[in-house]
Amino acid sequence: MNNSFQGNLVISLDLELYWGMRDIVSIEDYKQHLSGVRQAIPAILELFYRYKIHATWATVGFLFYDNLEQLQTHIPRQRPNYQQHNLSPYEYIKNSEPERDSTLHFCPDLIELISQYSGQEIGTHTFSHYYCLEAGQTQAEFKADLVAAIEAGKQTNTATQSLVFPRNQYNQDYLQTIADCGISSYRGNETHPIYNDEGGDGDRLPKRILRLLDAYLNLTGHNCYSRSQLNSSYPVNIRASRFLRPYSPRLKHLDPLRLRRITSGLRHAANRGETYHLWWHPHNFGVNLAENIAFLERILQTYRELEAQNKMQSLNMREVAELCMKLPDR
């Protein structure tokens, strides 16, 4: 482990339950995916255990609490003042919607389960699934949210050191704030323009179409990153390489292309001593769990081959940041 000449496989999962989907889809329409998280997480963890995979679970701070009543005692005074009020979960909370089904909004038991597995890091996905590029919110509100997330994370007795920006709304102006709060790494976006998210509706549809194509065909490269690129700033920007799209019955005939898109990126990173960062949400596995787990295992089988050749190691985001801080650029 921590061989500076090996490639790195980094995996991060955005654990958010309904807080991450609330402004997109009704809870009734997405309930099956959310309920399935309780089967998906143990299955993913067991697969990680078998293949000795380290991963970062970027967790929305709300999830650490048992229910709405407990959450309300930890809400920060400063809250995001989005121009689009429906983006704020605090408007949703006013209607006591989370009390309909606490298991779709809170999961301290699952967080505890994750923390029991070796190599699994509990990172943050902010406290309230905070959107850092939306109009109206401020850096002071973001800091208050992040401080609340770190306090929530203390319930696992671990220091929060890694962050994933919700909706991948990476904000350059907020990096000093996350550093001041003790965050040593974050997941930035792929460098290609189709992966930039500037908030609002903008040109999301054309980008989404191109991203879908990129999941099957190499439109943007492998998006692997060298040690010098990782070491170029602090906090360490461990950019995403590929979103693991969930199994689709309609597109299953394209799965060989989807698999090759990822495994060729792994081999590219391994042969060059670079970092490959794969990510998804546990709720992506909430339906079609067997198919999703089988596909993930095929990816991990390729990783095992590369690991056996001493070409690749599995590190979570915190471990990558620690490695960057210990070793100089090549």
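All figures in this text were calculated on a predicted structure; none of them were measured in a lab. (Residues numbered from 1 in each chain as written. Predicted model: local features only at pLDDT ≥ 70, side-chain atom pairs only at ≥ 80, totals over all residues. Heavy atoms only, no water.)

Colleague: Any details on the overall build of the protein? Residues and values, ideally.
Modeller: From N to C terminus, the protein includes 12 helices and 9 strands. Relative to the globule expectation of 20 Å for 330 residues, the C-alpha radius of gyration of the protein, 19 Å, shows essentially globular dimensions. Seen through its C-alpha atoms, the protein measures out along the principal axes to roughly 55 × 45 × 40 Å. By the burial criterion, 57% of the 330 residues in the protein qualify as buried. Once local pairs closer than 6 in sequence are excluded, the contacts in the protein between residues at least 24 apart make up 80%. Of the charged side chains in the protein, 34 are positive and 36 negative; the average position of the first set lies 7 Å away from that of the second. (Helix = DSSP H or I, 4+ residues; strand = E, 2+ residues; numbered from the N terminus. Rg over C-alpha atoms; globule rule 2.2 N^0.38 Å. Buried < 20%, exposed > 50% of the residue type's maximum accessible area, 1.4 Å probe, protein only. Contact = heavy atoms within 4.5 Å. Lys, Arg positive; Asp, Glu negative; His and termini not counted. Charge placed at Lys NZ, Arg CZ, Asp CG, Glu CD.)

Colleague: Hey, could you go over the pattern of salt bridges for me, with residue numbers and the actual values?
Modeller: The final tally for this structure, using the stated rule, is 11 salt bridges. The salt bridge partner of Asp23 is Arg167, with a shortest N-O separation of 3.2 Å. Taken together, the positions of Asp23 in the loop between strand E1 (7-15) and helix H1 (27-35) and Arg167 in the loop between strand E4 (162-164) and helix H7 (175-180) put the pair 144 residues apart, joining distant regions of the chain. A salt bridge links Arg318 to Glu322, with the nearest nitrogen and oxygen atoms 3.0 Å apart. Residue Arg318 and its partner Glu322 are located together in helix H12 (residues 317-326), separated by 4 residues, close to a single helical turn. With a relative accessible area of 24%, Arg318 lands in the partly exposed category. When salt bridges with common partners are traced through the structure, they connect Asp214, Arg242 and Arg261 into a single cluster. (Salt bridge = Lys/Arg side-chain N within 4 Å of Asp/Glu carboxyl O.)

Colleague: Quick one: what's the story with the packing of H1 against helix H2 (residues 37-51), residue by residue and with numbers?
Modeller: Between H1 and H2, the least distance of the axes is 5 Å, while the angle of their chain directions is 30°. When the axis of H1 is compared with that of H2, the two are roughly parallel. Residues His33, Leu34 and Ser35 of H1 lie in contact with H2, whose contacting residues are Val37, Arg38 and Gln39. Of the residues belonging to the contact of H1 with H2, the class tally is 2 nonpolar, 3 polar and 1 charged. (Axes fitted to C-alpha atoms, helices over the stretch in contact; angles between N-to-C directions. Parallel < 35°, antiparallel > 145°, perpendicular 65-115°, else oblique. Nonpolar A, V, L, I, M, F, W, Y, C, P; charged D, E, K, R; others polar.)

Colleague: If you had to explain helix H10 (residues 255-272) to someone new, which residues and values would you point to?
Modeller: Residues spaced three or four apart along an α-helix face the same direction, because each turn holds 3.6 residues. The first and last C-alpha atoms of H10 sit 26 Å apart over 18 residues, in line with the 26 Å expected at 1.5 Å per residue. Along H10, the residues classified as buried are Asp255, Arg258, Leu259, Arg261, Ile262, Thr263, Gly265, Leu266, Ala269 and Ala270. Immediately beyond the C-terminal end of H10, within one or two residues, lies Gly273, with a positive phi of roughly 65°. (Expected span 1.5 Å × (residues − 1).)

Colleague: Requested: an account of unusual backbone geometry, with residues and values cited.
Modeller: The step from Tyr234 to Pro235 runs through a cis peptide bond, and the omega angle for that step is 0°. Mapping Pro235 onto the fold places it in the loop between helix H9 (227-230) and strand E6 (236-237). Positive phi outside glycine occurs at Asn223, with the angle close to 55°. Looking at the secondary structure, you find Asn223 in the loop between helix H8 (204-214) and H9.

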